[in-house]
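Listed below are the residues making up each chain.
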Amino acid sequence: MQSTIVGNLTDDPELRFTPSGKPVANMTVASTPRTFDRQTNEWVDGTTLFLRLAVWGQAAENVAESLVKGQQVIATGKVGQQNWETREGEKRSSFEMNVDTIGPSLTFGSAKFTRSPGRGGNGGGQQRQQQPDPWANQQQGGQQRQQGGWGNQQQQGGWGGGQGDEPPF
């Protein structure tokens, strides 16, 4: 099941490598829902959910380098259930999210994005041609400047010389 969770990291992400060398970062997120109690006029904390997260590949290395204990994060991925039996024969289960996307929440702070070098960092290792800022359209005398932006790629600027009206992401 695809889900999104917002919560605080309970510890620094732990980076490990599989026997074949694939990186995986494991961490736990604590998410506590808050509701407003109109009778007491106060916010009330609900039951905290602790969810294990697993991030794979280059993203795992980025997570280990970027995120720290206590930081609020937003993660999206597939939640699954792990079942096992203890040595005493007791059946146990837990839930884990296999993360597709994760990042810091900007609700209580700011972050600067730095693109990773290599495979995932610059579009498969290819150098991108520098384009004019497509968001630089400005209102001048009631008319919009016709440089860059979506919709006028045949003119100067835009998303890459008339190859459609979609941004490159």
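Computed from a prediction, not measured in an experiment: that's the story for all the values here.

Participant: Could you clarify how one ought to interpret the environment of Asn 26 in this entry?
Facilitator: Summarising the element assignment, Asn 26 is placed in strand 3 (residues 23–31). The exposure class assigned to Asn 26 is buried, which follows from its relative accessible area of 18%. Once you skip the residues sitting within four places of it in the chain, Asn 26 turns out to touch Pro 13, Glu 14, Arg 52, Leu 53 and Ala 54.

Participant: Honestly, the layout of surface pockets in this entry has me stumped. Any pointers?
Facilitator: Over the atoms, a rolled probe matching the size of one water molecule traces out where space is still vacant. One number sums up the size of the largest pocket: a volume of about 810 Å³. Lining the largest pocket are 29 residues, with Asn 62, Ser 66, Phe 113, Thr 114 and Ser 116 sitting closest to its centre. Those elements giving two or more residues to the lining of the largest pocket turn out to be helix 1 (58–66) and strand 8 (91–104). Across the lining of the largest pocket, the residue classes break down as 11 nonpolar, 13 polar and five charged.

Participant: Would you mind showing me how to read the confidence of the model for the protein here?
Facilitator: Detailed reading of the predicted coordinates is not advisable wherever pLDDT is low. Counting all residues, the mean pLDDT for the protein is 80, and 69% of those residues have values of 70 or more. Scored below 50 in pLDDT, residues 121–129 makes 10 contacts in the model with residues more than four places away or belonging to other chains. Confidence drops under a pLDDT of 50 for residues 138–169, and excluding neighbours within four residues, the segment shows 45 contacts in the predicted structure.

Participant: Sorry if this is basic, but what is going on with the pattern of salt bridges here?
Facilitator: Pairing is possible between side chains that carry opposite charge, provided their charged atoms lie close to one another. Scanning the model with the defined rule gives five salt bridges in all. Salt-bridge contacts for Lys 78 lead to Asp 100; the nearest nitrogen and oxygen are separated by 3.5 Å. Taken together, the residues Lys 78 in strand 7 (residues 72–85) and Asp 100 in strand 8 connect sequence positions 22 residues apart. Accessibility expressed as a relative area gives 44% for Asp 100, which makes it partly exposed. For the salt bridge of Glu 85 with Lys 91, the shortest nitrogen-to-oxygen distance reads 3.8 Å. An identical accessibility class is assigned to Glu 85 and Lys 91; each is exposed.

Participant: Sorry, what's going on with the environment of Ala 60 here?
Facilitator: Within the fold, Ala 60 resides in helix 1. Note: C-alpha distance between Ala 60 and Pro 23 (37 residues apart in sequence) is 6.1 Å.

Participant: Is there a simple way to explain the pairing of strand 8 in this structure?
Facilitator: When a strand is regular, its side chains alternate between the sheet's two faces. Note: strand 6 (residues 49–56) against strand 8, three bridges, orientation parallel. Bridged to Arg 52 within strand 8 is Glu 96. Across 13 bridges, strand 7 lies against strand 8 in antiparallel orientation. Considered in strand 8, the bridge of Glu 85 is made with Lys 91.

Participant: Just checking my understanding: could you explain unusual backbone geometry for this structure?
Facilitator: Most peptide bonds adopt trans geometry, and most residues besides glycine take a negative phi value. Residues other than glycine seldom take positive phi values, yet Asn 41 does so here, at roughly 60°. Assignment of secondary structure puts Asn 41 in the loop between strand 4 (34–37) and strand 5 (42–45). Among the residues examined, Asn 41 registers a relative accessible area of 56% and is labelled exposed.

Participant: Just checking my understanding: could you explain the side chain of Ser 31 for this structure?
Facilitator: Tracing the chain through its elements places Ser 31 in strand 3. At a separation of 2.8 Å, a polar atom in the side chain of Ser 31 contacts the main-chain carbonyl oxygen of Val 6. Setting aside anything within four residues of it in sequence, one finds Ser 31 in contact with Ile 5, Val 6, Gly 7, Thr 47, Thr 48 and Leu 49.

Participant: Explain the nonpolar core to me, please; I cannot follow it from the model alone.
Facilitator: Nonpolar side chains in soluble globular proteins tend to be buried together. One finds Met 27, Leu 53, Val 55 and Ile 102 to be the most contacted residues of the largest nonpolar core, which totals 16 residues. Listing elements by their share of this core, those giving two or more residues are strand 1 (2–9), strand 3, strand 6, helix 1, strand 7 and strand 8. Those residues in contact with Ile 102 that lie beyond four places of it in its chain are Met 27, Leu 53, Val 55, Val 63, Leu 67, Val 73, Ile 74 and Ala 75.

Rules behind the numbers
- Here the residue numbers are simple positions, counted from 1 along each chain's written sequence.
- With pLDDT at 70 or above as the cut-off, local features in this predicted model cover only qualifying residues; side-chain atom pairs require 80 or more to be listed or tallied, and sums for whole chains, interfaces and linings still use all residues.
- For the side-chain quantities, the full set of heavy atoms in the structure was used; hydrogens and water were omitted.
- Each helix is a run of DSSP H or I of at least 4 residues and each strand a run of E of at least 2, with the numbering of both proceeding from the N terminus.
- Remark: exposure states derive from per-residue accessible area (1.4 Å probe, protein chains only) relative to the maximum for the residue type, with buried under 20%, exposed over 50%, and partly exposed in between.
- Contact criterion: two residues are considered in contact whenever any of their non-hydrogen atoms come within 4.5 Å of each other.
- Both site types are read off a 1 Å grid over the protein atoms alone. A 1.4 Å probe that fits but cannot get out defines a cavity, while an open set with protein on both sides within 12 Å along at least five of seven lines defines a pocket; lining residues have an atom within 4 Å of a point.
- Grid points are joined across faces, edges and corners, and a volume is the space filled by probe spheres set on the points.
- Here the nonpolar group is Ala, Val, Leu, Ile, Met, Phe, Trp, Tyr, Cys and Pro; Asp, Glu, Lys and Arg are the charged ones; every other residue, Gly included, is treated as polar.
- The pLDDT value expresses, per residue, how confident the predictor is, ranging between 0 and 100.
- Salt bridge criterion: a side-chain nitrogen from Lys or Arg within 4 Å of a carboxyl oxygen from Asp or Glu.
- One bridge is not enough; two strands pair if DSSP finds at least two bridges between them.
- As used in this structure description, the phrase polar contact means that two N or O atoms lie within 3.5 Å; if the pair is within protein, one of them must be able to donate a hydrogen and the other to accept it, and residues adjacent in sequence are counted only when both atoms belong to side chains.
- Among the buried residues, those of types Ala, Val, Leu, Ile, Met, Phe, Trp, Tyr and Cys that are joined through side-chain atoms within 4.5 Å form a nonpolar core.

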